[in-house]
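# Summary of the model geometry
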Amino acid sequence: MRLHHLELSAFGPFRDRQRIDFDELGADGLFLLHGDTGAGKTTVLDAVTFALYGQVPGVRHQAKALRCDTAPPETPTRVSLELTVQGCRMRVERNPEYQRPKKRGEGTTTENAKATLTWLDEPPEGEPTEGVTRPNDVGPTVERLLGMDVGQFCQVVLLPQGDFARFLRADAKERADLLEELFDTRQFSRVEDWFAERRNQRRTELRTAREHSEKLLARFSQVAGGEPGEDEDRAEWLDETERSFARRYEHARAEDERLRQRRERADEKLVQQRELADKVRRVREARAELDELAALAEEYRTAGAELDAARRAVPVANAARELDSSTTRLREAEHELHRALADCPDHESVGAAPAGNGAAGNGTAGKASADTEEPHARSLRYHQEAAVLADREQEAEQQRHDRARITELDENIAADLGTDAELAQQQHQLPEALEQARAAAHEAEQAPERLETVTARCEELNAALEAARRLPEAQSRRDTARERARHAVDEHQSAREQLQDIRERRLAGMAAELATRLETDAACPVCGSRQHPHPAEPGESSVGPDDERRARETETECQQRRDNARGELEEAEREHTRLREQLGERTEPRLREEFERATAERDDLRELADQRQHRAERLAELNNHTERLAARRTELDKRISAARSGRESLVETVDEREQRLREARGEFDTVTARRRHLLELAERLERAVRARSEHDRAATRENEQREALARIATENGFDSSEAALAARREQPRIDELADWITEVDRRDAAARATLGELPDVSADTEVDTEGAAVAAEQARRLVDDAAGVLGDLDHRSAQLAELGEELRQSWKELAPLEEEFAELNALTDVVNGRGQNARKMTLRSYVLAARLEEVAVAATARLRHMSDGRYAFVHSDEQGAHGKRGGLDLRVIDDYSGRTRSTKTLSGGESFLASLSLALGLADVVSSESGGAMLDTLFIDEGFGTLDGDTLDLVMDALDELRAGGRTVGLVSHVDELRQRIPVRLRVRKSRGGSSLAIES
């Protein structure tokens, strides 16, 4: 960062417009800013800070009084700073908020704060070319370019008077506050918080586990009906309780077993009585069954004869069906033989077909065998000729394939020649496409950086737009709050007047009120007399203490409502003012237009950023395509040459094969056609031979089945096959007869078996089962009661076993939780500087101590030079006094004595040298840490008056080293000797008309 020009008007003590040319001041690398006390030397530095950040250092910012009190009303309060940051020159202009007289009428009006940032050459990458016009955007932009916020800037660029002297002598807490402003240690604070939160979480989990264990113990105690004593071991109590329930369960189980045996005896007696009753019933039913079956004897004999004949007719019926099937097959064989002979060439050689469908004899079969030999031999001859032609058929197929291959080669050669021409055209067009793809890929690569800036702009505009939308509502709330506050004031004033009136009326009627308390022969509280001849009477407007109390309560309520309304009004006014400050001079339509433009630009950049991969892939694809085109053209050239050579060889082979195929075809168009004709002739002859053989077999089978039918009918007791077929019955009828006869036999056998089984049981026997049932039911109720007791004990024992297991498991799981929490608790204490942490340093303090050590190293290089090698800084992490946390102690080593001592023991001049060294060292560390812009301009404010001549020489030498490094150093001081040493000076003069600035050399 290098400053060029500063202009200010009506700012601080400067009434008129003032201009500072830092290029002229810093031509020698060192200049002096001096003047009378109160003239405004520090205001110049305030103007630089205000222009960049909209704030001034220290407590001066809290006053918010930047306008010159003597400036004319028409002169605006303005600061303009021209500087170069990261190689980009820009101008920042600001004016603070201040009160000015109204142009019309009386009173004042508020001039709102404004700020603009204008680029004087090319803006940095990602920044808008039109600059920045909103006050809320200028500060963040400057902070982003410089790499530091206002606090860091004031510490490393404007080395403020007294701040580092205080830092030099500060305690650990004060040093930590400053270091936290300069170095971001929030992440380490978050680590400390994480450990604390983790400990709280584990503490909660441990508490939950303990509560779970206690709940299990309470449930176990509830089921067991008792609790362990306060001093009793819970594990032993648990074991004893489980043993006690086991003993009770065994006793209940024995009682249940005794009652069950008693119930079994009663049940056995009941079963015996019921069995006897059942036997009597079965005897009675068997005798009735035999009587009923005796009436069905004739019907039974008729059904048996019909069933026997039907069963004997079944084999005859089966033989008849076989005969019908053989006759049908014979007719089908005759029809197939006629068709085969009609389709067979020279069918006379096969033999004539039978004239009718009668039976064929054995002589016919022998003649048929002789007739089939000659056709079969002809069929074999045809097959042999077809087999010879199969080889020629394969050659014909190869001939067709080779001719097709010649055609395919011709087409491939033509296609490859065309493809080669197309590839040559593509090679000609590729350079232009490659250049376009490179440009597109580069544009997409730049999109993410621009997108980040535009996205931040969109978020800020969206927040401002939301503020613009909320402003009317905030204004309405403010107006409503004002009306409520005014109404509350009126109500409170009325209530106060009412209370005052009641108090005055009560005082006026106090005599009557006291008279109501007078008693006979009792002294008057006013005059002391025991005679009350004329007590005062209450008037129409008299009031009592209750009236005054109610009025006072009403006044208090109104006061409360008035205070509440005033608070609501103040809150509404603060919200309205905040929204107005956030909007500045911008309106909602203008914000919406800016937001839409920024959103459109953001969407375009997002789309462009999303295309980075695609465009890079497109560029890579084009490069690969270029290489593939060259390789493919080479491959095509080789393939065309190979195809032409293969075609010539194939043509020669085709011509030679064509002569052999011509002889094999004969009078047919193709070899396949001739071979197919021979195979068809052979198949027709074989079909006729097969048909003749099948017909002869069918005739023989039909004769055999006719003879078998007559034989089976005789064997089954029938005079003829017709008589057997007449006795035939359908299977459902046969099944019906068999089932009826079987059922009658079963019923008869069952009834006789029952009587044979129970010969001693009389059908007249009477059995009483009711008495046995009552006794069995009584025994069952006793068993049920005992089972209920046993079940309850069994259920409770199971519950106790389950709960006992869970309780032991919970105690087992609780132990490692206790150990883990103890470890985490100790570690959290260490991280937060407690417990076993001997130095009492938190993690954040430890990091700050490391930063302070870096600063001490950097500052020591300056201090050794300025102190002529006598002093050096040393960082100490020892614990503070009275157990205070340490780690941020800063001491000096005196080379004269070789001892380390406190910085508080340094003299005034030595303290200045140490403070200046510390400031310069801190500036180097912060600048390196923040990664911001190079600090080419540096200001050192006051402190040189405490140095003697020799020490001042050393300090000037150190400043010369800063200047030799390319920096411009400005010293702010009123020391006369510095005016003699530094030829270039900026003089600040004060007067009643305002201070002024002038460059002297």
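Residues numbered from 1 in each chain as written. Predicted model: local features only at pLDDT ≥ 70, side-chain atom pairs only at ≥ 80, totals over all residues. Heavy atoms only, no water.

For the chain, the name recorded in an unreviewed UniProt entry is Nuclease SbcCD subunit C, with Actinopolyspora righensis as its organism. Entered under Subunit (unreviewed entry) in the UniProt record, the comment concerning the chain runs "Heterodimer of SbcC and SbcD." The UniProt entry for the chain carries the following text under Sequence similarities (unreviewed entry): "Belongs to the SMC family. SbcC subfamily." (UniProt positions renumbered as here; feature names shortened; annotations may be inferred.)

## Some details on the pattern of salt bridges
Tallied over the full model, the rule gives 64 salt bridges. For E127, the salt bridge identified is with R144, shortest N-O distance 3.0 Å. With E127 in the loop between β8 (114–119) and α4 (135–146) and R144 in helix α4, the pair connects residues that are 17 residues apart, well separated along the chain. D547 is the partner of R550 in a salt bridge, and the nearest nitrogen-oxygen pair spans 2.4 Å. (Salt bridge = Lys/Arg side-chain N within 4 Å of Asp/Glu carboxyl O. Helix = DSSP H or I, 4+ residues; strand = E, 2+ residues; numbered from the N terminus.)

## Quick notes on the sheet that holds strand β10 (residues 871–876)
One open sheet accounts for three strands, arranged β10-β11-β12; its pairing is antiparallel. Every other strand in the sheet has two partners, leaving β10 and β12 (899–902) as the edge strands with one partner each. Averaged over all pairs of adjacent strands, the angle between strand axes in this sheet comes to 40 degrees, irrespective of strand direction. As defined by bridge partners, strand β11 (residues 889–894) adjoins β12 across four bridges and the pair is classed as antiparallel. Bridge pairing in β12 links V892 to R901. Sitting on the sheet, helix α21 (residues 843–866) touches β10 and β11, and the angle it makes with β10 is about 175 degrees. (Pairing = 2+ DSSP bridges. Axes fitted to C-alpha atoms, helices over the stretch in contact; angles between N-to-C directions. Contact = heavy atoms within 4.5 Å.)

## Concerning the packing of aromatic side chains
Applying the stated criterion across every chain, the model contains four aromatic pairs. Relative to F31, the ring of F22 lies with its centre 6.3 Å away and its plane at 55 degrees, an arrangement referred to as tilted. Between the aromatic rings of Y300 and W740, the centroid separation amounts to 6.5 Å while the plane-to-plane angle is 40 degrees, which identifies the pairing as tilted. A residue pair is termed long-range when its members are at least 10 positions apart, and Y300 in helix α10 (residues 297–343) and W740 in helix α19 (residues 731–757) qualify at 440 residues. When its relative accessible area of 29% is taken as the criterion, W740 is described as partly exposed. (Phe/Tyr/Trp six-rings, centres within 6.5 Å; stacked < 30°, edge-to-face > 60°. Buried < 20%, exposed > 50% of the residue type's maximum accessible area, 1.4 Å probe, protein only.)

## Comments concerning unusual backbone geometry
Not every positive phi belongs to a glycine, and A10 is a case in point at roughly 55 degrees. Mapped onto the fold, A10 is located in the loop between β1 (2–9) and β2 (18–21). For D868, which is not glycine, the phi torsion reads 60 degrees and is therefore positive. Among the structural elements, D868 can be located in the loop between α21 and β10. The class of D868 is exposed, set by a relative accessible area of 61%.

## Details of the packing of helix α8 (residues 186–224) against helix α9 (residues 234–294)
Contact geometry of α8 with α9 gives a least axis separation of 11 Å together with a crossing angle of 30 degrees. Taken together, the axes of α8 and α9 are roughly parallel relative to one another. Between α8 and α9 lies a crossing of left-handed hand. Side by side, α8 and α9 meet where E214, L217, F220, S221, V223 and A224 of the first sit next to R234, W237, L238, T241, E242 and F245 of the second. (Parallel < 35°, antiparallel > 145°, perpendicular 65-115°, else oblique. Left-handed = near helix turned anticlockwise from the far one by under 90°.)

## Examining the pairing of β10
Of all six residues that make up β10, five are buried, and the element is covered over most of its length. Sheet analysis places β10 next to β11, joined by six bridges and oriented antiparallel. Each bridged residue has a counterpart across the sheet, and for Y871 the counterpart in β11 is D894.

## Here we look at the side chain of R202
Its place among the elements puts R202 in helix α8. In this structure the side chain of R202 is engaged in a polar contact, spanning 3.0 Å, whose partner is the side chain of E820. Not counting residues up to four positions away in its chain, the partners in contact with R202 are E820, F821 and L824. (Polar contact = N/O pair within 3.5 Å; in protein donor to acceptor, adjacent residues only side chain to side chain.)

## Digging into a negative patch on the surface
A cluster of like negative charges, contributed by E130, E601, D604, E607 and D610, occupies part of the molecular surface. Note on placement: E130 falls in the loop between β8 and α4. In this structure E130 comes out as exposed when scored by relative accessible area, which is 63%. (Patch = residues over 30% accessible without salt bridge, like charges linked within 9 Å, V, L, I, M, F, W, Y side chains within 5 Å. Areas by Shrake-Rupley, 256 points an atom, 1.4 Å probe, with all protein chains shown as cover. Lys, Arg positive; Asp, Glu negative; His and termini not counted. Charge placed at Lys NZ, Arg CZ, Asp CG, Glu CD.)

## Thoughts on the environment of R578
Among the structural elements, R578 can be located in helix α14 (residues 545–583). Taking the relative accessible area as the measure of exposure, R578 reaches 37% and is therefore partly exposed. Taking the C-alpha atoms as reference points, R578 and L471, separated by 107 residues in sequence, lie 9.5 Å from one another.

## Details of α10
The first and last C-alpha atoms of α10 sit 70 Å apart over 47 residues, in line with the 69 Å expected at 1.5 Å per residue. Taken as a whole, α10 carries its principal kink of about 35 degrees at V314; the proline P315 stands between one and four residues after it. (Expected span 1.5 Å × (residues − 1). Bend = angle between axes of the 7 residues up to and from the residue.)

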